[in-house]
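Here is what each chain is made of, one letter per residue.
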Amino acid sequence: MTDPVLAAIRSRRVVRALTQEPVARATLEAILDAGRWAPTAGNRHLQQFVATDDPRTLRVLRMVSPGMIQRPTAAVVICTDRPAAADYGFPPDASGLFVDVGTAAATMMLAAHALGLGAGPVSSFSRAAAGVVLRLPPGWVPELIVCLGHPDPVQPAPMKAGRRLGWQDLTRWVPAE
Ligand SMILES: Cc1cc2nc3c(=O)[nH]c(=O)nc-3n(C[C@H](O)[C@H](O)[C@H](O)COP(=O)(O)O)c2cc1C
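Reading guide: rules and limits
Residues numbered from 1 in each chain as written. Predicted model: local features only at pLDDT ≥ 70, side-chain atom pairs only at ≥ 80, totals over all residues. Heavy atoms only, no water. Phe/Tyr/Trp six-rings, centres within 6.5 Å; stacked < 30°, edge-to-face > 60°. Lys NZ or Arg CZ within 6 Å of the ring centre and 35° of its normal. Buried < 20%, exposed > 50% of the residue type's maximum accessible area, 1.4 Å probe, protein only. Helix = DSSP H or I, 4+ residues; strand = E, 2+ residues; numbered from the N terminus. Pairing = 2+ DSSP bridges. Near = heavy atom within 4 Å. Areas by Shrake-Rupley, 256 points an atom, 1.4 Å probe, with all protein chains shown as cover. Nonpolar A, V, L, I, M, F, W, Y, C, P; charged D, E, K, R; others polar. Arc of directions from axis to C-beta. Polar contact = N/O pair within 3.5 Å; in protein donor to acceptor, adjacent residues only side chain to side chain. Axes fitted to C-alpha atoms, helices over the stretch in contact; angles between N-to-C directions. Left-handed = near helix turned anticlockwise from the far one by under 90°. Contact = heavy atoms within 4.5 Å.

Novice: Looking at this structure, how should I read the packing of aromatic side chains?
Specialist: Any aromatic ring pair is given by two values, namely how distant the centres are and how the planes are angled relative to each other. Enumeration over the complete set of coordinates arrives at one aromatic pair. Note on W167 and W173: the rings are 6.5 Å apart at their centroids and 85 degrees apart in plane angle, and the pair reads as edge-to-face. We note R127 situated over the ring of F125; from NZ or CZ to the ring centre the distance is 4.1 Å.

What follows is the structure, given as C-alpha cells:
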C-alpha cells in the first residue's frame, strides 16, 4: 500500500489507552481544521465543534460518559446546531444531520492518526449533562465526542475481536455477479 491516504485509512484504529501527555494546541487546531473540510449535507455546516484540553472539564465529561473508556487529554464534541438546522428547513430527523456528524468525526480521527495521535469516538454519554459541562448554547445538541491523546504503547484488545470483514462481506453488486 503506497498511497499515504489509503495507508492511513487502513492503519487507523480506535485508541482507548492514552498517555497523560497533553495534546499541543497547534495539533488540536489542525484536527479541527480537518473537520471543516468534511462534506456536509447541502454544504450547510450545521455542526459546531466544541473543543477542550482542560483537565477538569475532561474529567467531568468522562464522569457523564459511560462509553468513555479512555482518559483523553483533549476532546472535540461534535454538536448539531438545531435552531440553525430548523432555519434551513431541515426536519429534526433529517438523516443528513446525523451523517454530517459521522463525516466530521471520521475526518478528524483520520487527521489525528496522520498527526501521530490516538482518537476514539464516544456516543455513550448523557447529552443533557454534557450540555451543562460544556456550557452549550440553547439548541446545540452534543452528538459525538472525539477523544484525543497520545497513544499508549499498550492497547486493550479491540471490541468484538474477530475476523475483520472483507469488502466483499459488505458489498452487493447490481446486477448480481
Ligand atoms: C457512532 C459510533 C459510536 C461509537 N461509540 C463508542 C463508545 O461510546 N465507546 C467506545 O469505546 N467506542 C465507540 N465507538 C467505536 C467503535 O466501537 C469502533 O469504531 C469499533 O470498535 C471498531 O474499531 P476500529 O475503528 O479500531 O476498527 C463508536 C463508533 C461509532 C462509529
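This is not the end of the story, as more comes after the structure.
Novice: Can you help me understand the pairing of strand β2 (residues 74-81) in this one?
Specialist: If a strand is regular, its side chains alternate between the two faces of the sheet. In terms of burial, β2 is a largely internal element, eight of the eight residues being buried. Neither face of β2 is exposed, since A74, V76, I78 and T80 on one face and A75, V77, C79 and D81 on the opposite face are all buried. Note: strand β1 (residues 47-52) against β2, six bridges, orientation antiparallel. Residue Q48 lies in a different strand from β2, and its bridge partner there is C79.

Novice: Explain the site of the ligand here, please?
Specialist: With respect to spatial proximity, the complete set of residues near the ligand consists of R12, R13, V14, R16, G67, I69, P121, V122, S123, S124, M159 and R164. Look at the ligand: alone it shows 620 Å² of surface, and the protein chains cover 63% of it. Counted by class, the shell around the ligand contains five nonpolar, three polar and four charged residues.

Novice: How should helix α3 (residues 55-63) be read in this particular structure?
Specialist: Residue pairs three or four apart in sequence face the same way in an α-helix, which turns once every 3.6 residues. When α3 is considered as a whole, its buried residues turn out to be T57, L58 and L61. Down the axis of α3, the sector holding all buried residues measures 100 degrees, keeping them to one side. Exposed positions of α3 whose direction lies more than 90 degrees from the buried face are P55, R56, R59 and M63.

Novice: How do you make sense of the side chain of T52 when you look at a structure like this?
Specialist: Here T52 shows up in strand β1. For T52, the side chain forms a polar contact with the main-chain nitrogen of D54, separated by 3.1 Å.

Novice: Help me understand unusual backbone geometry in this model?
Specialist: Peptide bonds are trans in most cases, and residues, glycine excluded, mostly fall at negative phi. Note that the residue after V174, namely P175, is joined by a cis bond; omega there is -5 degrees. Within the secondary structure, P175 sits in the segment after β4 (140-149). Positive phi outside glycine occurs at N43, with the angle close to 55 degrees. Counting through the fold element by element, N43 comes out in the loop between α2 (25-35) and β1. In this model, H45 sits at a positive phi of 50 degrees, which is unusual for a non-glycine residue.

Novice: Help me out: how do you make sense of the packing of α2 against helix α5 (residues 95-114) in this one?
Specialist: Think of two packed helices as two axes; the pair is described by the angle between the axes and how far apart they sit. Here α2 crosses α5 at 145 degrees, and the two axes come no closer than 8 Å. Crossing of α2 against α5: the hand is right-handed. Residues I31, L32, A34 and G35 of α2 touch α5, and the partners they reach there are T107, M108, A111 and A112. Per-class residue counts for the contact of α2 with α5 are six nonpolar, two polar and no charged.

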